[in-house]
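Next come the chains, spelled out residue by residue.
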Amino acid sequence: MNLGARVAKSIVPLIVTAAQIAAGGGVQRASAQESLSDVGVIDVARSAPEAGGIVDLPRLTGAVILDGRLDEAAWQSVPPLALTMYEPTYRGESGRRIELRLGYDDEAIYLAARFHHDDPEAIRAFSLTRDRWSGDDGFGLLLDTFNDNENAVRFVGLPLSTRIDMSISGGGVEERGSGGPRGSSWNAFWDYRTHFFDDGWTGEMRIPFSELRFETGSDGSAVMGLMAYAYEPGTESRWTYPAIPRSAAYTQVDAWQDVRIRDVEPRNPTYVTPYALTGSAQSAVLPVGAPGWSTQTDEAVEAGLDVKFNPTANLTLDLSYNTDFAAVEADQQQVNLTRFSLFFDERRAFFQERAGIFSFGTGADRGTLFYSRRIGLQDTGTPVPIVGGARLVGRVGAWDLGAINMQTEGLGDAPGENFGVLRLRRQVLNPNSFVGAMSTSRVGNDGAYNVTWGLDALLRPFGDEFVTLKVLQTIQGGDELRSAAPSGFDAGRLVTEWTRRRTQGLSYTNVFVWSGAGYEPGIGFEARRDFTRAQSDWNYQWFPEAGSRWRRVWLGVESNAWMRNADGVVETAEFEPFFQLETQQGLTLRAEVSATLEDVVEAFGLGEEASVPADRYVATEGSVQFRSPRGWDFRPNLTLRAGQFFDGRRIQVNSDFNWPVSKHLELIGGVELNRIRFDARDQSFDANLVRLTTRVAANVHASLDVFGQYNSLTDQLTTNARFRYQFREGQDLWLVWNEGLNLERDVLDAPRLPLTDVRTLTLKYTHTLIF
């Protein structure tokens, strides 16, 4: 199918009807003599059971050669999994023929997939880049290796032998304020191959036990939670084993099947990863008294070392010396239209393994007791050199354990600091209830210190009801500012929450938070201080029967209120009812209205052109959102928002798109436009962001990502380009280029700005040795 036809087939349905979807793209297939018809293929089952009891996984009776062909005798003795449609219609009919087979031997777990296609051009295969999903067909295996119903790992295979892996936390359920349950920067050492036939494709993955942390009983067996699935975005269809009801997300860990693996032992290899780095950095400087700007150049040659090993079968220890994150993807800039701090997600892999153990939400504005970006990054995003550190995660007896200790160097006037985190948690009452404790410390070389501890309990008394209780306390001192901060009860926080976790029918979240003026976690994230907050969210979702054009209908209302403790005045109140429709093909339409009260005590600025004076404001806005199906080749999304904004008015447009042009080229872009007018004060504010990522992949080894973004507030164009050549898993060569350009160079009462504000070029090589 040529490019023009594919684009047309993606865009025309936007005009014709919101309920139709675009046709999928094709794939270049390897020539082969084999045919899927040579092997028995079953129809996807409708009536597979939901999870229950413990199922013994079959042990492979012979060797498997990992080539993606599935022609070994060992696979023929393994019965296929009974798959049930999860979406678009639970237990719906399907003419698809897909087969998943699962087994293990002494060294690894294997999952094999066979997708039969009457029309091979319907195979969606775009991504050649590790950890990049571009609208491809695929299948996956998710494992809760400790069977704690809280943390898991996910392995995904795509048609072009592309692998995706990630960690899952929070029970696999998106919780407000948690920042999401997925850690996409987590990587493991595992193998995957595919093969194309005249009437479909097959895939075969091998996950070594050495990459999985698990416990064995006295009989040498291990029990894990498991879910396997197949997915085809062209028809927005997903099938799972076990059957997972629509009242649960398919990633919800406690809905998975418990499986037993017999006569296996945890493997404990040691991974030693040295790196070598050389680079050059140029930055524009304006010397005191100088008539113009000059360029300062710094060159560096560095080396470092990361070591990962298992002191016990259930613990993983990471040691790092001269820790470097040069190859980490750049942050997307955000426009801040509030008087509060913005939250940026963690992208560094060091903090990703079993990251869920360190999750400790504090009940408001994505607040968290541990925000790993406090380590090695300033608030502006400027890197702070890390001398080294250690990270320990795993289980000791019935307790989940997590510990981090890292030391940074001083930077400018800021002193070097030591960061410490300790987390303990264990199950109580039932598999979905936990109690735990966490402490964080931040100690500067100048003697300043901040220690914050918390106790938490998550209890499931019955059904899908969850009760959360948390108590936190800050202790700080060592300098004049911290010693003068409120202490005792005024430095604490109390959080209570009652939630019904369901994706079908009625669900709700009700939260109460009290936070003192002195509560200030030194390595946490908090947007506000000294407040009392109440939240009440109510949702009702239903999934029509097969034959309806709608997959899901969703009604809800979100409401929040923050009161300042100092004067008892409501600082912010929000009331947002919404209505959302999803078609069977995955197109989403959403409309909402928001009514907001804001009590601004101190004026704050919006750039240099406008400000919001201290006053009390009531504003109403409306928004509509369109999200395209994942099965479209060209996938645009659009959100329009308009209405009152403090004492003015705002029009906001947010749009993004994803376009896998071919298996070698993918374009990802976005635009945010903000037009704000304060007519009574004759002020205006425009803020625009434009982003474009170009991803080029020659094959599964060589890829180039170029990310550019323009910010109208700074009139700067910044570019982050990352070339990666992966010789094999754990052996990588990176070439990273960053550049910031000043597009508006004439500044009042200052020398003309240089075109280049900052430029860095870094070459980094890593090589993992396994012992």
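Computed from a predicted model, the values in this text were never measured in an experiment.

Draft legend 1. Summary view of the overall build of the protein. Broken down by element type, the protein carries three helices and 40 strands. A globule of 771 residues ought to have a C-alpha radius of gyration of about 28 Å, and the protein, at 27 Å, matches this closely. Here the C-alpha coordinates of the protein stretch approximately 80 × 60 × 55 Å along the principal axes. Counting all 771 residues of the protein, 51% fall into the buried class. Long-range contacts, defined as pairs at least 24 residues apart, comprise 61% of the intrachain contacts of the protein with a sequence gap of at least 6. In the protein, 75 side chains carry a positive charge and 100 a negative one; their mean positions are 3 Å apart.

Draft legend 2. Seen up close, the sheet that holds strand β4 (residues 108-116). Taken in spatial order, the four strands of this open sheet run β3-β4-β10-β9, and their pairing is antiparallel. Looking at the sheet topology across the chains shown, the edges are occupied by β3 (98-104) and β9 (191-197). Sheet twist, expressed as the average angle between the axes of neighbouring strands with direction ignored, equals 10 degrees. Relative to strand β10 (residues 200-208), β4 is paired through nine bridges, and the arrangement is antiparallel. From the neighbouring strand, H116 faces β10, where its bridge partner is G200.

Draft legend 3. Layout of the pairing of strand β16 (residues 315-321). The buried fraction of β16 is high, at five of seven residues. The sheet contact formed by strand β15 (residues 294-312) and β16 spans six bridges and is antiparallel. The partner of F309 across the bridge, within β16, is L317. Adjacent in sequence and paired antiparallel, β15 and β16 are bridged by two residues. Here seven bridges tie β16 to strand β17 (residues 386-396), and the two strands are oriented antiparallel to one another. Each bridged residue has a counterpart across the sheet, and for L317 the counterpart in β17 is L392.

Draft legend 4. Fine view of the pairing of strand β7 (residues 163-168). Of all six residues in β7, six are buried; the element is thus mostly enclosed. The side-chain alternation of β7 yields two buried faces, one formed by R163, D165 and S167 and the other by I164, M166 and I168. The pairing of strand β6 (residues 152-157) with β7 spans six bridges and is antiparallel. Bridge pairing links R154 to M166 in β7. Hairpin geometry of β6 and β7 is characterised by an intervening segment of five residues between the two adjacent antiparallel strands and by a positive phi of about 65 degrees at S161.

Draft legend 5. Spatial organisation of a nonpolar patch on the surface. Residues V443, Y449, W453, L455, V471, I475, L494 and F512 make up a contiguous nonpolar surface patch of roughly 640 Å² in combined accessible area. Every element with two or more residues in the nonpolar patch is listed here: β21 (449-462) and β22 (465-477). If you tally residues by element for the nonpolar patch, the top one is β21, at three residues. Relative to the assigned elements, W453 resides in strand β21.

Draft legend 6. Structural detail: the nonpolar core. Ranked by size, the top nonpolar core spans 43 residues in total, and within it I109, F139, L141, F155, M205 and L212 carry the most contacts. It is strand β11 (residues 222-232) that provides the largest number of residues to this core, a total of five residues. Beyond its immediate stretch of four places on either side in the chain, L141 contacts L102, I109, L111, V153, R154, F155, M205, I207, L226, M227 and A228. The next biggest cluster of nonpolar side chains, apart from the first, holds 24 residues, and it includes V393, M438, V513 and I523.

Draft legend 7. Broad picture of the side chain of R130. Tracing the backbone through its elements, the reader meets R130 in the loop between β4 and β5 (138-144). Using a relative accessible area of 10% as the deciding quantity, one classes R130 as buried. At 3.3 Å, the side chain of R130 and the side chain of N187 are in polar contact. If we skip the residues at most four places from it in the chain, R130 touches T162, R163, D165, N187, A188, W190, R724, Q726 and E729.

Draft legend 8. Up close: the environment of L315. The residue L315 is located in strand β16 in this model. The class of L315 is buried, set by a relative accessible area of 9%. The spatial distance from the C-alpha of L315 to the C-alpha of T499 is 32 Å, given a sequence separation of 184 residues. Setting aside its immediate chain neighbours within four residues, L315 contacts F309, N310, L392, V393, G394, R395, V396 and L401.

Draft legend 9. Geometry of the pattern of salt bridges. Taken as a whole and assessed by the stated rule, the structure comprises 51 salt bridges. We note a salt bridge from R590 to E592, for which the minimum N-O separation is 3.4 Å. Judged by relative accessible area, R590 falls into the buried class, the value being 17%. Put simply, R681 and D647 hold a salt bridge, and the shortest N to O gap is 2.7 Å. Taken as a pair, R681 in the loop between β34 (665-678) and β35 (683-697) and D647 in the loop between β32 (635-645) and β33 (648-662) lie far apart in primary sequence, 34 residues in all. With relative accessibility at 25%, the residue R681 sits in the partly exposed group. Within this structure, E87, E236, R238, R551, R552, E582 and R630 form a network of salt bridges that share partners.

Draft legend 10. Highlighting the packing of aromatic side chains. Overall, the coordinates contain 27 aromatic pairs when judged by the stated rule. Relative to F678, the ring of F645 lies with its centre 6.4 Å away and its plane at 45 degrees, an arrangement referred to as tilted. A residue pair is termed long-range when its members are at least 10 positions apart, and F645 in strand β32 and F678 in strand β34 qualify at 33 residues. F678 shares its class with F645; the two are buried. Connected via pairs of aromatic rings, a cluster forms that spans F115, F139, F155, W190, Y192 and W201. Over the face of the ring belonging to F466 we find R501, whose NZ or CZ atom lies 4.2 Å from the ring centre. Sitting over the face of the ring of F678, R681 holds its NZ or CZ atom 4.4 Å from the ring centroid.

How each quantity is defined
- Within every chain, residues take consecutive numbers counted from 1 along the sequence as written.
- Totals for whole chains, interfaces and linings use all residues, but because this is a predicted model, local features are given only for residues with pLDDT of at least 70 and pairs of side-chain atoms are given and counted only at 80 or more.
- Values shown for side chains rest on all heavy atoms present in the structure; no hydrogens or waters enter the calculation.
- To qualify as a helix, a DSSP run of H or I must reach at least 4 residues; to qualify as a strand, a run of E must reach at least 2; elements of each kind are numbered from the N terminus.
- Only C-alpha atoms enter the radius of gyration, while the globule expectation follows 2.2 Å times N to the 0.38, with N the number of residues.
- Classification of residues uses two cut-offs on accessible area relative to the type maximum, computed with a 1.4 Å probe and protein chains only: under 20% is buried, over 50% is exposed, and between them is partly exposed.
- Any pair of residues with heavy atoms lying within 4.5 Å of one another is described as a contacting pair.
- By the counting rule applied here, Lys and Arg register as positive and Asp and Glu as negative, while His and the ends of each chain are not counted.
- Working definition for charges: the position is that of NZ of Lys, CZ of Arg, CG of Asp or CD of Glu.
- Any two strands with at least two DSSP bridges between them are considered paired.
- For helices, the fitted axis covers only the stretch in contact; all axes are lines through C-alpha atoms, and the angles between them, taken along N-to-C directions, range from 0 to 180 degrees.
- Like charges are joined within 9 Å and nonpolar side chains (Val, Leu, Ile, Met, Phe, Trp, Tyr) within 5 Å, but only among residues with over 30% relative accessible area and no salt bridge; these make up the patches.
- Accessible surface is estimated by sampling points in the Shrake-Rupley manner with a 1.4 Å probe; for residues, cover comes only from the protein chains shown.
- By salt bridge we mean one thing: a side-chain nitrogen of Lys or Arg within 4 Å of a carboxyl oxygen of Asp or Glu.
- Side-chain atoms within 4.5 Å link the members of a nonpolar core, which is a set of buried Ala, Val, Leu, Ile, Met, Phe, Trp, Tyr and Cys residues.
- Side-chain atoms alone can form a polar contact between residues adjacent in sequence; in general such a contact is a pair of N or O atoms within 3.5 Å, and within protein one must be able to donate a hydrogen while the other accepts it.
- The rule is short: rings of Phe, Tyr and Trp, with Trp giving its six-membered ring, pair when the centres are within 6.5 Å, and they are stacked under 30 degrees, edge-to-face over 60, tilted in between.
- Either the NZ atom of lysine or the CZ atom of arginine qualifies as a charge over a ring when it sits within 6 Å of the ring centre and within 35 degrees of the ring normal.

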